[in-house]
2 protein chains.
Amino acid sequence: MAQPSSSSKPVVPLLKDELDIVIPTIRNLDFLEMWRPFFEPYHLIIVQDGDPNRTINVPEGFDYELYNRNDINRILGPKASCISFKDSACRCFGYMVSKKKYIYTIDDDCFVAKDPSGKDINALEQHIKNLLCPSTPFFFNTLYDPYREGADFVRGYPFSLREGAPTAVSHGLWLNIPDYDAPTQLVKPLERNTRYVDAVLTIPKGTLFPMCGMNLAFDRQLIGPAMYFGLMGDGQPIGRYDDMWAGWCVKVICDHLGLGVKTGLPYIWHSKASNPFVNLKKEYKGIFWQEEIIPFFQSATLSKECTSVQKCYIELSKQVKEKLGAVDPYFIKLADAMVTWIEAWDELNNNTSEEVPSKPTNGAAAAK
Amino acid sequence: MAQPSSSSKPVVPLLKDELDIVIPTIRNLDFLEMWRPFFEPYHLIIVQDGDPNRTINVPEGFDYELYNRNDINRILGPKASCISFKDSACRCFGYMVSKKKYIYTIDDDCFVAKDPSGKDINALEQHIKNLLCPSTPFFFNTLYDPYREGADFVRGYPFSLREGAPTAVSHGLWLNIPDYDAPTQLVKPLERNTRYVDAVLTIPKGTLFPMCGMNLAFDRQLIGPAMYFGLMGDGQPIGRYDDMWAGWCVKVICDHLGLGVKTGLPYIWHSKASNPFVNLKKEYKGIFWQEEIIPFFQSATLSKECTSVQKCYIELSKQVKEKLGAVDPYFIKLADAMVTWIEAWDELNNNTSEEVPSKPTNGAAAAK
């Protein structure tokens, strides 16, 4: 709140000093121009993937810090091994170095969508609304989000559950190019999502869902340490399961801790489909593995001693090693990386005032 | 299909000879005029509540059978005790005497709603679509019904689950007057539901929901014997929990048998709110009781031997007696009525060709 602002807008944007926008990228961030009216008041954390010597241009006027692979290696040292390279999974490094309560993460091929009335959708504002009002994971409300204007709990909804649960995650959707796997992309190359479903709903306790990282917000204080996007891309046998992995872990832990996960609004405009042939190569092991991974997470339970996200995550890593290690040795490596991730998270976050890593800010990184 | 039809429409309506429309009522059925284009091809089962000597007028041209209390008593004999009187719970008698595979039930204060483009919504057609395509109870699909045109399973959805599960129930929603309990009606007398959410979704396995009987369709062969609307109204300590009771039982049994329950589209236009003071009187015990009933159903499990809906329902009735009997003696009576219901159902349905009860048809009932 003490931060000087060049904005002359009369209203301070919601959570202006409590939310970071995390963007993984390998290119110039021209897509930010379209988001300027909504994102400019916020701080950006840009995680540059691929060649660290490449210069990423960020449009004028945005307040940002940028990390490339060299920065990640310098800040985390040997623990940098838990951060993926040449895969958008690298974005979770941004969650770790943020000092804010909330994170919004978006892909650089996502643009502002329009609602059915033709108005630009402020995706970030809707995510913030979703995060700031409770979830209803313990019983389904047929009129969807009961806290929304014009809605409420319907007849038969237990009164003892109407306070709801704190919301940890807000999962937004995509108009135009839907988030399909490679086989579906190949079979339906022309399919576009044109249906605007005007709803936000809580994913019930005990139910898993495919969490997409393209348009995602979460409460870092409530669930941050579980938002690890795994080992993907360079040197790994799998890609495009980074957000799925995080989603499975996050949901199991939210269920254990009594936290809520919402999906639905807001929509962003997903501009172009990635190459289905390339995707198939990245995904094909995941397509097999998920048939065993999902039953594993569906039956995973955490002990009473798991009273923090970190404790939950460490316990989950043990179960991953023990039960999924038999599926492929990759999961043993992943389970170890989960532990490293928590160690790195705690190192950067437990001593907030002392151990802030030196951060290159506002374009300085490219010159380093 | 051999049935002569006066309709000159070129296309035979979906499931024309496989679906009955069940309407509980105490008044003339003028509301059918508005539904004529959609309902006229179908057979109606009208369950007249209250004074059996009153004449219920049904608009010309509809094919129907009508049962009043005298008919129910005559057909079921002593087992008629399981059918509620002076409460719309009596509608379940219609489910029992139907010989069709599918049931659609609607309240007589529900009219044709319009979609956002201003077009009349054929609620029945949407319900039929919902029932004829599979559900996805085992994993959540973030783009809602994956079988709908323009949608599919998203990335990360296990391929082994993409066949889905048979759909047993389609729960439709309401524009204008939402289905609120008395306390919410009292607090928000002016609230109207104006939000058209263009989605159909499966309620995940393990999640209960408040099932409203106002606009509801189901597959009688798959789940019919569980669609008992309980003991409500005249002589009972509770009302307005008939559909809720059915919904809890149905969901537990669908989860056990691997069947799906959908909610969302279609909307009907609910014309007027019932009196909240009268409702409060009917509901207040339910408001207490549901705090114990819902945890009971949430933790209810059925044994492997329960391989039919009837077996599931009888086992559930035992658990109701044992566990909810302690909440109030009413549940002991209800548990017994659950058994009577199944006996009556089997009596009317197991010997289909022989034991069809004599039915008054097309207006003859009023003269009886």
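Residues numbered from 1 in each chain as written. Chains lettered and ligands numbered in written order. Predicted model: local features only at pLDDT ≥ 70, side-chain atom pairs only at ≥ 80, totals over all residues. Heavy atoms only, no water.

**As for a nonpolar patch on the surface**
Residue and element names in this part refer to chain A.
Consideration 1: A cluster of nonpolar side chains, contributed by Leu186, Val187, Phe277, Leu280, Tyr284 and Phe288, occupies part of the molecular surface with about 650 Å² of accessible area.
Consideration 2: Among the elements of the structure, helix 5 (182-187) and helix 8 (276-299) are those that each provide at least two residues to the nonpolar patch.
Consideration 3: Sorting elements by how many residues they give to the nonpolar patch places helix 8 first, with four residues.
Consideration 4: Locating Leu186 in the fold gives a position in helix 5. (Patch = residues over 30% accessible without salt bridge, like charges linked within 9 Å, V, L, I, M, F, W, Y side chains within 5 Å. Areas by Shrake-Rupley, 256 points an atom, 1.4 Å probe, with all protein chains shown as cover. Salt bridge = Lys/Arg side-chain N within 4 Å of Asp/Glu carboxyl O. Helix = DSSP H or I, 4+ residues; strand = E, 2+ residues; numbered from the N terminus.)

**Some words on the packing of aromatic side chains**
Residues and elements named next belong to chain A.
Consideration 1: Scanning the entire structure with this criterion turns up 44 aromatic pairs over all chains.
Consideration 2: Seen in terms of ring centroids, Trp245 and Phe297 are 5.3 Å apart; in terms of plane orientation they differ by 75°. Their pairing is edge-to-face. Taken together, the residues span a long stretch of sequence, with Trp245 in helix 7 (residues 242-257) and Phe297 in helix 8 at a distance of 52 residues.
Consideration 3: Residue classification places Trp245 among the buried residues on the basis of a relative accessible area of 2%.
Consideration 4: Measuring from centroid to centroid gives 5.0 Å for Trp289 and Phe331, while their planes differ by 65°, and the two rings are edge-to-face. Of this pair, Trp289 sits in helix 8 while Phe331 is found in helix 10 (residues 330-349), placing the two residues 42 residues apart along the sequence.
Consideration 5: Residue classification places Phe331 among the buried positions, given a relative accessible area of 1%.
Consideration 6: Among the aromatic residues, those joined into a cluster by ring pairs are Tyr241, Trp245, Trp248, Trp289, Phe296, Phe297, Tyr330 and Phe331.
Consideration 7: Note that Arg162 overlies the ring of Phe159, its terminal NZ or CZ placed 3.7 Å from the centroid. (Phe/Tyr/Trp six-rings, centres within 6.5 Å; stacked < 30°, edge-to-face > 60°. Buried < 20%, exposed > 50% of the residue type's maximum accessible area, 1.4 Å probe, protein only. Lys NZ or Arg CZ within 6 Å of the ring centre and 35° of its normal.)

**Thoughts on the UniProt feature "glycosylation site" (unreviewed entry) in chain A**
Consideration 1: Sites flagged by UniProt as "glycosylation site" (unreviewed entry) map to A:Arg155.
Consideration 2: By the secondary structure assignment, A:Arg155 is in the loop between helix 4 (123-132) and strand 6 (167-176).
Consideration 3: Setting aside residues up to four positions removed in sequence, A:Arg155 forms contacts with B:Asp179, B:Tyr180, B:Asp181, B:Pro210, B:Cys212, B:Arg240, B:Asp243, B:Met244 and B:Glu283. (UniProt positions renumbered as here; feature names shortened; annotations may be inferred. Contact = heavy atoms within 4.5 Å.)

**Let's talk about the interface of chain B and chain A**
Consideration 1: Between chain B and chain A, the contact holds 59 residues from the first and 59 residues from the second.
Consideration 2: Here chain B meets chain A over a buried area of about 5000 Å², counting both sides, of which 56% is carbon and sulfur.
Consideration 3: When residues of chain B are sorted by the area they lose upon contact with chain A, B:Phe140, B:Arg155 and B:Arg195 head the list and together hold 17% of the total.
Consideration 4: Across the chain B-chain A interface, the total number found is 10 salt bridges.
Consideration 5: A salt bridge links B:Arg195 to A:Asp198, with the shortest nitrogen-to-oxygen separation between them at 3.6 Å.
Consideration 6: The interface formed by chain B and chain A includes 28 residue pairs in polar contact (both at pLDDT 80 or more).
Consideration 7: Secondary-structure elements contributing two or more residues to the side of chain B that touches chain A are strand 6 (167-176), helix 5 (182-187), helix 7 (242-257), strand 9 (260-270) and helix 8 (276-299) of chain B.
Consideration 8: Counting residues per element, the side of chain B that touches chain A draws most heavily on helix 8 of chain B, at six residues.
Consideration 9: Tallied by class, residues from the side of chain B that touches chain A come to 30 nonpolar, 12 polar and 17 charged. (Buried area = accessible area lost by both parts, 1.4 Å probe. Polar contact = N/O pair within 3.5 Å; in protein donor to acceptor, adjacent residues only side chain to side chain. Nonpolar A, V, L, I, M, F, W, Y, C, P; charged D, E, K, R; others polar.)

**So, the side chain of B:Lys16**
Residue and element names in this part refer to chain B.
Consideration 1: Examined against the element boundaries, Lys16 turns out to sit in the segment before strand 1 (19-25).
Consideration 2: Classification of Lys16 as buried rests on a relative accessible area of 13%.
Consideration 3: A distance of 3.3 Å separates polar atoms of two side chains, one belonging to Lys16 and the other to Asp17.

**Observations regarding the relation of the copies chain B and chain A**
In this structure, two copies of a chain are linked by a rotation about an axis accompanied by a shift along it.
Consideration 1: Each copy superposes on the other: chain B lies on chain A with an RMSD of 0.0 Å after a rotation of 180° and an axial shift of 0.0 Å. The transformation relating the two chain copies, once decomposed into turn and shift, fits a two-fold axis. It is B:Val197 whose C-alpha, among those of chain B, lies nearest the rotation axis, at 2.8 Å. (Least-squares fit on C-alpha atoms with pLDDT ≥ 70 in both.)

**Focus on the packing of helix 8 of chain A against helix 9 (residues 309-324) of chain A**
All names here are of chain A.
Consideration 1: Following both chains from N to C, one finds helix 8 and helix 9 inclined at 135°, their axes separated by 11 Å at the closest point. Classified by the angle between their axes, helix 8 and helix 9 sit oblique to one another. The handedness of the crossing between helix 8 and helix 9 comes out as right-handed. When helix 8 is examined against helix 9, the residues Glu292, Ile293, Phe296 and Phe297 are found in contact with a partner set consisting of Leu316, Gln319, Val320, Lys323 and Leu324. (Axes fitted to C-alpha atoms, helices over the stretch in contact; angles between N-to-C directions. Parallel < 35°, antiparallel > 145°, perpendicular 65-115°, else oblique. Left-handed = near helix turned anticlockwise from the far one by under 90°.)

**Some remarks on the pattern of salt bridges**
Consideration 1: Going through the model one piece at a time under the given rule, you end up with 40 salt bridges over all chains.
Consideration 2: The closest approach of N and O atoms between A:Asp219 and A:Lys101, which form a salt bridge, is 2.8 Å. Linking A:Asp219 in strand 8 (residues 215-219) with A:Lys101 in the loop between helix 3 (92-97) and strand 4 (102-106), this pair joins segments that are 118 residues apart in sequence.
Consideration 3: Taking relative accessible area as the criterion, A:Asp219 reaches 3% and is therefore assigned buried.
Consideration 4: The exposure class of A:Lys101 is partly exposed, given its relative accessible area of 23%.
Consideration 5: The shortest N-O distance in the salt bridge between A:Asp181 and B:Arg162 comes to 2.8 Å. Taken together, the positions of A:Asp181 in the loop between strand 6 and helix 5 and B:Arg162 in the loop between helix 4 (123-132) and strand 6 put the pair across two chains.
Consideration 6: Here A:Asp181 falls in the buried class, since its relative accessible area comes to 2%.
Consideration 7: Through salt bridges with shared partners, one network takes in A:Glu33, A:Arg36 and A:Glu40.

**Digging into helix 7 of chain A**
A turn of α-helix holds 3.6 residues, and therefore any two residues three or four places apart point the same way.
Residue and element names in this part refer to chain A.
Consideration 1: A rise of 1.5 Å per residue sets the reference length of helix 7, with its 16 residues, at 22 Å; its end C-alpha atoms lie 22 Å apart and thus fit the reference within 8%.
Consideration 2: The buried count for helix 7 comes to 14 of 16 residues, which makes it a mostly enclosed element.
Consideration 3: Of the residues flanking the end of helix 7, it is Gly258, one or two places downstream, whose phi is positive at about 75°. (Expected span 1.5 Å × (residues − 1).)

**Side note on the nonpolar core**
Consideration 1: Membership of the largest hydrophobic core comes to 244 residues, with the highest contact counts inside it found for A:Trp245, B:Ile223 and B:Trp245.
Consideration 2: Not counting residues within four places of it along the chain, the set of residues in contact with A:Trp245 comprises A:Tyr228, A:Gly230, A:Ile293, A:Phe297, A:Tyr313, A:Val320, A:Leu324, A:Phe331, A:Leu334 and A:Met338. (Core = buried A, V, L, I, M, F, W, Y, C linked by side-chain atoms within 4.5 Å.)

**So, helix 9 of chain A**
All names here are of chain A.
Consideration 1: When the terminal C-alpha atoms of helix 9 are compared, their 21 Å separation across 16 residues agrees well with the 22 Å that a helix rising 1.5 Å per residue should span.
Consideration 2: By the burial criterion, the buried members of helix 9 are Val309, Gln310, Cys312, Tyr313, Leu316, Ser317, Gln319, Val320 and Leu324.
Consideration 3: Elements in contact with the buried residues of helix 9: helix 6 (220-223), helix 7, helix 8 and helix 10.

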